[in-house]
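# Descriptive analysis of the structure
Each chain is listed here by its residues.
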Amino acid sequence: MFLKFKRRLKARPVAQTLVDFPGETFEAAGEELLLRVATVSDIPGLVAIQEAVYNGYAPWVSRDFYHELTQEKDRLYLVALRKDQVVAFIALVKRDLVSDLHIANIAVLPVWQGQQVGSYLINTAKAVAREIGLKELSLEARRSNTGALALYDRHGFTVVDVVEHYYIDNQEDAISMVLDLEH
């Protein structure tokens, strides 16, 4: 009984309450990639990307992704795939208290960094925010993640705060950034 139940959960996608995202293809590094809604079966790939990005450490573990992907409101998780391998992902959360679309997590396999995959994900987040009538995107990034901070700066994000000791794993500060979509 329990094995049957677990198998059924594997195919369950994240609830699409933000937008109906049918999936799309895009090109990066001369390759065609597919961007689609993440499912629970993508979790091992999501964790593997984080381990590759953070030198063996995954800030979000399987249970964190499972919790997020099975929420029934205000989330959209997208994965970018080359053939059947997850090479990047973005986690979007609509926040009502501040009325923005928050990039809760974004990661690109190191071999795909610098190939416009991260930019494509951010541009998709901008389009989703506009489609649902939100005027801002927000995110936090580790102070030491200079590559990501430069990417966000190129996309027009501005620093609004530094949150000291934000990250639980190493007490690193977070740089809080916002992008005004009306300009």
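Figured I'd write up the structure that's included with this text. (Residues numbered from 1 in each chain as written. Predicted model: local features only at pLDDT ≥ 70, side-chain atom pairs only at ≥ 80, totals over all residues. Heavy atoms only, no water.)

For the protein, the helix and strand inventory stands at five helices and eight strands. When the helices and strands of the protein are read in sequence order from the N terminus, they spell out α-β-β-α-α-β-β-β-α-β-α-β-β. Here the protein has a C-alpha radius of gyration of 16 Å; the compact-globule value for 183 residues is 16 Å, and the two agree. Counting only C-alpha atoms and orienting by the principal axes, one finds that the protein spans roughly 50 × 40 × 35 Å. Put simply, 60% of the contacts in the protein that link residues at least 6 apart link residues at least 24 apart. Put simply, the protein has 20 plus and 25 minus side-chain charges, and the middle of one group is 9 Å from the middle of the other. (Helix = DSSP H or I, 4+ residues; strand = E, 2+ residues; numbered from the N terminus. Rg over C-alpha atoms; globule rule 2.2 N^0.38 Å. Contact = heavy atoms within 4.5 Å. Lys, Arg positive; Asp, Glu negative; His and termini not counted. Charge placed at Lys NZ, Arg CZ, Asp CG, Glu CD.)

Bringing the environment of Tyr 120 into the picture now. With respect to the element layout, Tyr 120 can be found in helix H4 (residues 117-131). A relative accessible area of 23% means that Tyr 120 is categorised as partly exposed. The contact partners of Tyr 120, leaving out residues within four places of it in the chain, are Glu 24, Thr 25, Phe 26 and Leu 35. (Buried < 20%, exposed > 50% of the residue type's maximum accessible area, 1.4 Å probe, protein only.)

Attention now goes to the sheet that holds strand E3 (residues 75-82). Strand order across the open sheet formed by eight strands is E1-E2-E3-E4-E5-E6-E8-E7, with mixed pairing between neighbours. Two strands bound the open sheet, and with one partner strand each, they are strand E1 (24-28) and strand E7 (158-163). The sheet shows a mean angle of 25 degrees between the axes of neighbouring strands, direction not considered. For E1 and strand E2 (residues 31-37), the ladder comprises five bridges, and the chain directions are antiparallel. Following the sheet pairing, Glu 24 is matched in E2 by Leu 35. Against the sheet, H4 touches E1, E2, E3, strand E4 (85-95), strand E5 (100-108), strand E6 (136-142) and strand E8 (174-180), its axis set at about 160 degrees to E5. (Pairing = 2+ DSSP bridges. Axes fitted to C-alpha atoms, helices over the stretch in contact; angles between N-to-C directions.)

Mapped onto the fold, Gly 147 is located in helix H5 (residues 146-154). Between the alpha carbons of Gly 147 and Gly 114 there is a distance of 9.4 Å; along the sequence they are 33 residues apart.

If you look at the biggest cluster of nonpolar residues, it comprises 56 residues, and the most contacted ones within it are Leu 76, Ile 103, Leu 137, Tyr 152 and Phe 157. Ranked by residues supplied to this core, first place goes to E4 with seven residues. Leave out the neighbours within four places in its chain, and Tyr 152 touches Ile 106, Ile 122, Leu 139, Ala 141, Phe 157 and Met 177. (Core = buried A, V, L, I, M, F, W, Y, C linked by side-chain atoms within 4.5 Å.)

So, about the pairing of E8. Judged by how many residues are buried, E8 sits mostly within the fold: six of seven residues are covered. Pairing of E7 with E8 involves five bridges; the strand directions are antiparallel. For Asp 161, the partnering residue across the bridge sits in E8 and is Ser 176.

Here we come to the pattern of salt bridges. Where charged atoms from two side chains of opposite charge approach closely, those side chains can pair. Under the defined criterion, the tally for this structure stands at seven salt bridges. Note that Lys 94 is salt-bridged to Asp 96, the shortest N-O span being 2.7 Å. The salt bridge partner of Asp 173 is Arg 143, with a shortest N-O separation of 3.2 Å. One end of the pair, Asp 173, is in the loop between E7 and E8; the other, Arg 143, is in the loop between E6 and H5, and 30 residues separate them in sequence. A relative accessible area of 17% places Asp 173 in the buried class. Classification of Arg 143 by relative accessible area gives partly exposed; the value is 42%. (Salt bridge = Lys/Arg side-chain N within 4 Å of Asp/Glu carboxyl O.)

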